[in-house]
Amino acid sequence: MSVIYPETFLDLVKRTFKECRCSGDAPSTVTGVTGEAERITNWVSGAWLSIQQIHEDWQFLEQSFSFTTTAGQATYTPVQAGITSGTFGLWKTWDDLPRNYLTATGTSDEFEMEEVDWNAWRVLYDFGPLKDIRTRPVKFAISPAKSFVLGPYPLVGYTVTGKHFTAPVSLSADGDIPTMPRQYLMAIVGGAMMEYAADKAASEVYQRGKQWYDQHIGRMELARLPKMQSGGALC
């Protein structure tokens, strides 16, 4: 893209370099940089990581998962649920709830499951003779270890589908593009500018960076977070 409308990691570094009014030429790559360019690169990368951690459930971090159960196995780690190792952040357990269908039958048999508390799952499905019940899972719980747990224990192969949120992902290559919507990318530049300004005691740069950061983060929180559900009328 361009410095005016930054999109890639390198674009964001160049724009930050420009807005901070650093001396010399902006870097032509993020690889092997030193000195001021290295610090700017690190601040841009850090700003992106920090933004991802403001809310675990940013909509742009949402991904799908799918896995087939093993008969008699109720508990599945994120990796066993088909999620790439090191990328898991949070299960989505509201709105679009996880579903399952008999793998041999297909999606015409699809069924939405309900969530139960972990302690309730232990009482309902993992206590005494209840452990021996094998049938179609109708409930799910999240264990303290963040595994996805089905109840009752599955009898055969069921395909389970659902949503999860990814863990923060860093930028490393010139062409890496943050997953956040493009119209809010100046929040990354603003965050990096504040880090630069704090290091250099540059109050004017800090104020401009904070203005961009607050403006774009505020707009993104309105547009890219789950909508709050209103409760029913109180009697």
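Details of the structure are given in the entry above.
(A) How the structure looks around the pairing of strand 8 (residues 139-142). One ladder, built from 2 bridges, connects strand 6 (residues 114-115) with strand 8; its direction is parallel. Along strand 8, the bridge assignment pairs Glu115 with Phe140. As paired elements, strand 8 and strand 9 (residues 148-151) share 4 bridges and run antiparallel to each other. Across the sheet, the residue bridging to Phe140 is Leu150, located in strand 9.

(B) Expanded view of unusual backbone geometry. In this structure, the amide linkage connecting Gly151 to the following residue, Pro152, adopts the cis form with an omega of -5 degrees. By the secondary structure assignment, Pro152 is in the loop between strand 9 and strand 10 (153-154). Of note in this structure, Asp95 is not a glycine but carries a positive phi near 55 degrees. Secondary-structure assignment places Asp95 in the loop between strand 3 (88-91) and strand 4 (99-102). Backbone geometry places Ala201, a non-glycine residue, at a positive phi of 55 degrees. Along the chain, Ala201 turns up in the loop between helix 4 (186-200) and helix 5 (203-223).

(C) Here's a closer look at the packing of helix 1 (residues 9-19) against helix 4. Direction vectors running N to C along helix 1 and helix 4 enclose 50 degrees, while the axes themselves pass 9 Å from each other. The pairing of helix 1 with helix 4 is recorded here as oblique in orientation. Relative to helix 4, helix 1 is oriented so that their crossing is right-handed. Between helix 1 and helix 4, the contacting residues are Leu12, Arg15, Thr16 and Glu19 on the first element and Met186, Ile188, Val189, Ala192 and Met193 on the second. Broken down by class, the residue content of the contact of helix 1 with helix 4 amounts to 6 nonpolar, 1 polar and 2 charged.

(D) View of helix 4. Compared with an ideal rise of 1.5 Å per residue, which puts 15 residues at 21 Å, helix 4 spans 21 Å between its outermost C-alpha atoms and is within 8% of the ideal. Tucked into the core, helix 4 has its buried residues touching helix 1, helix 2 (35-54) and helix 5.

(E) Fine view of the pattern of salt bridges. Enumeration according to the criterion identifies 14 salt bridges in this entry. Its salt-bridge partner being Arg99, residue Glu110 comes within 3.5 Å of it at the nearest N-O pair. A residue pair is termed long-range when its members are at least 10 positions apart, and Glu110 in the loop between strand 4 and strand 5 (111-112) and Arg99 in strand 4 qualify at 11 residues. Judged by relative accessible area, Glu110 falls into the partly exposed class, the value being 35%. Taking relative accessible area as the criterion, Arg99 reaches 31% and is therefore assigned partly exposed.

Rules of the game
- Residues numbered from 1 in each chain as written.
- Predicted model: local features only at pLDDT ≥ 70, side-chain atom pairs only at ≥ 80, totals over all residues.
- Heavy atoms only, no water.
- Pairing = 2+ DSSP bridges.
- Helix = DSSP H or I, 4+ residues; strand = E, 2+ residues; numbered from the N terminus.
- Axes fitted to C-alpha atoms, helices over the stretch in contact; angles between N-to-C directions.
- Parallel < 35°, antiparallel > 145°, perpendicular 65-115°, else oblique.
- Left-handed = near helix turned anticlockwise from the far one by under 90°.
- Contact = heavy atoms within 4.5 Å.
- Nonpolar A, V, L, I, M, F, W, Y, C, P; charged D, E, K, R; others polar.
- Expected span 1.5 Å × (residues − 1).
- Salt bridge = Lys/Arg side-chain N within 4 Å of Asp/Glu carboxyl O.
- Buried < 20%, exposed > 50% of the residue type's maximum accessible area, 1.4 Å probe, protein only.

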